[in-house]
Every structure is written in structure tokens, then in C-alpha cells.
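Survey of secondary and tertiary structure
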Amino acid sequence: MHSVISVKALNKKIVTSSEKSQQESLIENPIVFETDDLNLWYSDTQALKNIQLPIYEKNVTAIIGPSGCGKSTYLKTLNRMVELVPGVQTSGTIKYRGKNILDKSFKVEELRTQVGMVFQKPNPFPKSIYDNIAYGPKIHGIRNKKILDEIVEQSLRGAYIWDEVKDRLKQNAYGLSGGQQQRLCIARCLAIEPDVILMDEPTSALDPKSTLKVEELIQELKKEYSIVIVTHNMQQAARISDYTAFMLNGELVEFTDTNTLFSMPKDKRTEDYITGRFG
Amino acid sequence: MKYMEPEMVRNKMRFRVQLNKIFQVCFFLATIFGLIVLAVLIVRVLNQGLSYLNMNFLTGKLSTNPDQAGIMGAILGTFWLMAVVVPITTILGVGTAIYNELYAKKGRMQSVIQTNIANLAGVPSIVYGILGMTIFARALNFGSVVLAGGLTMSLLVLPIVIVASQEAIRSVPQHLAEASYGIGATKWQTVKNIILPASLPGILTGSILALSRAIGETAPLVVLGIPALLIPFPSGIFDRFTVLPMQIYYWTIDASLVEEYAYLASATIIVLLVLLFMLNSTAIIIRNKFQQRY
């Protein structure tokens, strides 16, 4: 059903997409995250205002908006990473597969096992390539060497980096290039077999070639994972996502399938932003 | 606008340049002053003590006869003291640092604790001696034994270890911890696998420097009532003991009675200095060798 949407180039999409198929995909896809009336404060400043947003299964959802609009904050709320900032308060609900993750009884470790994250700056551990990947399964209790070997290989293959590193698994991950490090971080995320992968501007620290590789990887990953990606790069959102949310000053301005948002934005502010009038 | 007259600038120039030279000399003299004092001290100590520094002196027992006196007891005492101080300060110090940096909720209470730890580092050592005597030697009835001395010394250097460890933990990049939390690790797993290994060099450096402070401290042990002359060697934490700086202290006091005691003190200072030098070098080597790039 995504055959239309997964076409990579934006202009191609606009030409080939039809209103009807977009409407269908909006209705049919199961929802992974259901955000309802979410507010978030950093001490006294309100960073998110009444956010209402569904995240669809096995699709790429892009969140775009100017700096400081709250897009990263929203992303980090989905795995409660935002709680690492002192003085954060939230109201409203985010239901992950029916359960409210903002509920205090929801174990944050459990959430983050289901919802993996890839960060803006590649952040491998100062350990070997092998240990970087095996870290996740190990902390969740897998001790068997054979199984770990298998997970490491599968995860590295899944992130399309296996061929580049298979001969130096025991070497320090810092020896890899920035782009390789970021794909290693994606592999580390895959190793815990998550349901959702959150990506916080994953290519902003990478060169164009590495960026392309990561974007292609995302297209592959969405066959098995639901992906939410924050990006300041509108072209990237248009290239890789199925749905796009536009945020401004902590509010969700518009959310719809990517084709519609970029070709026929309903809100004036969305139009101004995507046509480059501000941001 | 024409205020920068070449004439005026040229006239002032010589004075400004000369003033700069004068201050350069002042700062150099300030540096050299400390070095000269240190050099004089070391030369004098070496002059006086080197001839007494031999195998008999290092391995012998204490004696009132300067020719037969040895400092094995004090060396052993110093090591026994360290055997108490090292585990206690590392466990309590690093534990406190981890709690304060990673677990404690940031707020009023935490900042009060933080300020007090920093203040404790500045409390005079003799005050710790009085505390140690009251609690460990008297109230808990240990007497003037290694355990009482070690606990007192631990209290003394604990703030240093805590502050150094906190700084080491704080210098671990946040994005490493985030990576670990991000795949569902608990705080303890993150501390054990990521934060502690990355901050270990800093923690070790701080601990070793704190240790060398403990080795050189005398005042708390004076208050604790360490005996001036002790014949048996300590062989456990419940034995009475003496340490190198105490030996220096008593021999220096008694130099008015027997002149050679001053030379024995100098020889002991050499031993203590060598010990401290080795510890500080270890700290520097660790710091340089394990300095991490993130």
C-alpha cells in the first residue's frame, strides 16, 4: 500500500500520487503511538502545546520545523529521554500500543527497549565495534557467546555496515568514519530488536554521501520498523518520509501524508515554511 | 577623528614597553622564589640525611641509639594505614560522587550537601584528629591503633576524593550516557559499564593525590596519641603503630637532646619524599596514559 509513497524523489511523488490512495493509507495503518493533548514544560517555559499526533506502524514519520519549535523535545518524549533534563513536567497522554507511557508505573527501561533511538551526533561507546552492538543484548541478559555473535552480525548487516567492518570487529569504534559510526549506532539500536526507532536529526553531522547511505537505510528499515525522524532538512523529509508533521513554537501546525503536506499545505504557516519564507 | 597622534603614541611607547618588562621580571622572581626555597630544603635534607640512609636504617627497628635506629616500623605503619585508607576512601568517596552526580535530585538539599562537601575539604586536619580521637579512639574504644588512625585519615581525605571523582564523572560526555539509557539500560548498568570506565583515570588520579596527602599528614595522628617510640612492628589493623611523618616530628623535637636525631629525621624525610614522588608520578602517568578521546 506504500508503493506510491515510498518513491524517493519529491517531484516524482507529486506527479504519481493520487488523493485517493493517500486517504486510504491514512485510515488503514495501525497506530503505534497515539499522542493526545500533550503539554511539556522546561521549568517555566512551555515547549510543547496540546500536541495531538498519531505515529503509524511501519512508516516513516518526519517532524519538521524551525530550530526551537519543539520537534526534538517531542521526539525525546516518545522514549522519555526528555526526563534527563532537570525540571521537566508533562501533562496529557502518549499511548504506546494502548498503554500510557507518561504514567509513572510504566517502566522507562521497558519503553526504551521497545523504542530505540539514534542521536544527532554519532555516539558510539569507546569500546570495540563488537562490544558496541553486544552492549544492548548483554544488559538485557543475553550471555551466550554464539547468540551474541549472531546478533552482532545480523544487526550490522541490517544497518548495511557489515561488509565494511566484519574484519575489524575487535577494533575501537572511534576508528570508523562519522557516517560509519552513525550506521553503527543504528545497528546498536537494531540489536535490541525495537518496535520503533526514533531518529534525532541523524544525518545533520554527516557528509552528503553518508547522508544518502543513511537515507537509503531508513527506506529499508521501515519494512520492519516504525520510524520517527526529526529533521531540519525539508528535502530529506520529502525524500524519505510517508507522513510529515510541521511544528512551530511548540505547536503542531499540520500533520498529514508527506505528499499532501508538501504539495497542498492547508495552513498558511506550513506553506510559508516549506516555500522557504522563514525558518 | 584624529586623536591617535603619532607623537603622543611614540612618547608613551617606551614607558609601556618598559612596564611590561618590569612585570615580566616580577613574575619570574615570584616563580623562582618558591623553587629556590624548595631547592635549599632538599639540598639541606640530602646533606644531613644521606649518610644515614642505608639498608640498616631502612630495615631496622627504632632505637634510642642513633647509630642503630631504623624506620621499618614507620614504613610498615604507613602501609598499614594506607591499607585502611585506600578501600574506605575509594568505596565511600566514589559512591558519594556517583550518588551526587547521577542519582540525587538537583535541588536545595543537593546543593547544601555539595557546598558542605567542598567546605569539609578545607577543615584543618587537626580538627579531624580531635574528631577521630573522640569517636574512634575513645567512644568506640579502639585506642591509638591503625584502624583508628586510618578511619581518621579517611575522613580527612574523603572530601578530596569525592570532589575529584565528581569532576571525573561530570567530564564523561552526556551523549555516552544517553546512548546507554537509549537502549533500555538502567542507571546502574550505565554507571558500571559506561560512566565508571570512562571516568576511572580521573578518579584514580584524584584518589592517588588524596592518598599522598594522607601519607604526609601528621597533626591528626599527634592528637590521636601515636607513641613517640615503639619497638614492635605493626602486623594488623588493631596494632599500635607509627608513620613516617610522625617519626620525623619526634626526631626533630628530640634533636635538642641528641644532635644526630636531626640527621635521622632528614633521612626519613628523604624516604617520605621518594614515596610521595612515586605516588604523584603514578598519578601523572595514569592521567596521561588513559586520557580518553570521545
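Criteria and cut-off values
- All residue numbers refer to position in the chain's written sequence, counted from 1.
- By the order in which they are written, chains take letters starting at A while ligands take numbers starting at 1.
- Where totals are concerned, whole chains, interfaces and linings use all residues; where local detail is concerned, this predicted model gives features only for residues with pLDDT of at least 70, and gives and counts side-chain atom pairs only at 80 or more.
- Side-chain measures were taken over the full set of non-hydrogen atoms in the model, leaving aside hydrogen atoms and water.
- UniProt positions are given in the numbering used here, feature names are shortened, and annotations may be inferred rather than shown by experiment.
- Secondary structure elements follow DSSP: runs of H or I of four or more residues count as helices, runs of E of two or more count as strands, with numbering from the N terminus.
- Salt bridges are defined as contacts in which a side-chain nitrogen from Lys or Arg sits within 4 Å of a carboxyl oxygen from Asp or Glu.
- Burial classification: accessible surface area is computed with a 1.4 Å probe over protein chains only, and a residue below 20% of its type maximum counts as buried, one above 50% as exposed, and the rest as partly exposed.
- Any two strands between which DSSP finds at least two bridges are classified as paired.
- The contact criterion used is simple: two residues touch if any of their non-hydrogen atoms lie within 4.5 Å.
- Put simply, buried area is how much 1.4 Å-probe accessible surface two parts lose in total, over both of them, once they are put together.
- N or O atoms closer than or at 3.5 Å make up a polar contact, with two conditions inside protein: a donor-capable atom paired with an acceptor-capable one, and, for residues adjacent in sequence, both atoms drawn from side chains.
- Between 30 and 60 degrees the pair is tilted, below 30 it is stacked and above 60 it is edge-to-face, where a pair is any two Phe, Tyr or Trp rings, Trp via its six-membered ring, whose centres lie within 6.5 Å.
- Geometrically, a lysine NZ or arginine CZ counts as sitting over a ring once it is within 6 Å of the ring centre and also within 35 degrees of the ring normal.

For the rest of this paragraph, the subject is the UniProt feature "domain: ABC transporter" (unreviewed entry) in chain A. Cross-referencing UniProt, the feature "domain: ABC transporter" (unreviewed entry) maps to residues 33–274 of chain A in the present numbering. Across residues 33–274 of chain A, the secondary structure splits into 38% helix and 27% strand, with the terminal C-alpha atoms separated by 26 Å.

All names here are of chain B. Per the UniProt annotation, the sites labelled "transmembrane region" (unreviewed entry) are residues 21–46, 71–99, 120–139, 145–164, 221–241 and 261–286. From the first C-alpha to the last, residues 145–164 spans 29 Å; its make-up is 95% helix and 0% strand. What you have in residues 261–286 is 100% helix and 0% strand, and the ends, taken at the C-alpha atoms, are 38 Å apart.

All names here are of chain A. Scanning the entire structure with this criterion turns up 15 salt bridges over all chains. Linking Glu215 and Arg239 is a salt bridge whose minimum nitrogen-to-oxygen distance equals 2.8 Å. Here Glu215, found in helix α9 (residues 208–221), pairs with Arg239, found in helix α10 (residues 234–240); they are 24 residues apart in sequence, far enough to count as distant. When its relative accessible area of 30% is taken as the criterion, Arg239 is described as partly exposed. When salt bridges that share partners are traced, they join Glu57, Arg97 and Asp195 into one network.

Further remarks concern the pairing of strand β1 (residues 31–42) of chain A. Regular strands show a simple pattern: their side chains alternate between the two faces of the sheet. All names here are of chain A. Here β1 pairs with strand β2 (residues 45–56) via eight bridges, running antiparallel. Looking at the pairing, Phe33 lines up with Ile55 of β2. Between β1 and β2, which pair antiparallel and follow one another directly, the connecting turn spans two residues, one of which, Ser43, has a positive phi of 50°. As judged from the eight bridges shared by β1 and strand β4 (residues 88–96), these two strands associate in the antiparallel manner. Bridging from a neighbouring strand, Leu40 pairs with Thr90 of β4.

How large an interface is tends to be reported as the accessible area lost when its parts come together. With 19 residues of chain B in contact, the opposing surface of chain A contributes 23 residues. Carbon and sulfur atoms supply 64% of the area buried between chain B and chain A, which totals about 1800 Å² over both sides. Remark: the boundary between chain B and chain A carries zero salt bridges. At the junction of chain B with chain A, the criterion picks out five residue pairs in polar contact (both at pLDDT 80 or more). Secondary structure elements with two or more residues in the side of chain B that touches chain A: α7 (174–181) and α8 (187–216) of chain B.

Glancing now at the packing of aromatic side chains. One pass over the structure, following the stated rule, counts 11 aromatic pairs over all chains. Judged by centre distance (6.5 Å) and plane angle (20°), the rings of Tyr56(A) and Phe255(A) are stacked. Highlighted residues: Tyr56(A) in strand β2 and Phe255(A) in strand β10 (residues 251–257), separated in sequence by 199 residues. Residue classification places Tyr56(A) among the buried residues on the basis of a relative accessible area of 8%. With 6.0 Å between their ring centres and 25° between their planes, Tyr52(B) and Tyr263(B) make a pair best called stacked. Highlighted residues: Tyr52(B) in the loop between α1 (6–49) and α2 (55–59) and Tyr263(B) in helix α11 (residues 260–290), separated in sequence by 211 residues. The exposure class of Tyr52(B) is buried, given its relative accessible area of 18%. Exposure remark for Tyr263(B): the relative accessible area of 25% places this residue in the partly exposed category. Through a chain of ring-to-ring contacts, the aromatic side chains of Tyr56(A), Tyr243(A) and Phe255(A) assemble into a single cluster. The cationic tip of Lys170(A) hangs over the ring face of Tyr130(A); the distance from NZ or CZ to the ring centre is 4.1 Å. The ring of Phe125(A) is capped by Arg188(A), whose NZ or CZ atom sits 4.6 Å from the centre of that ring.

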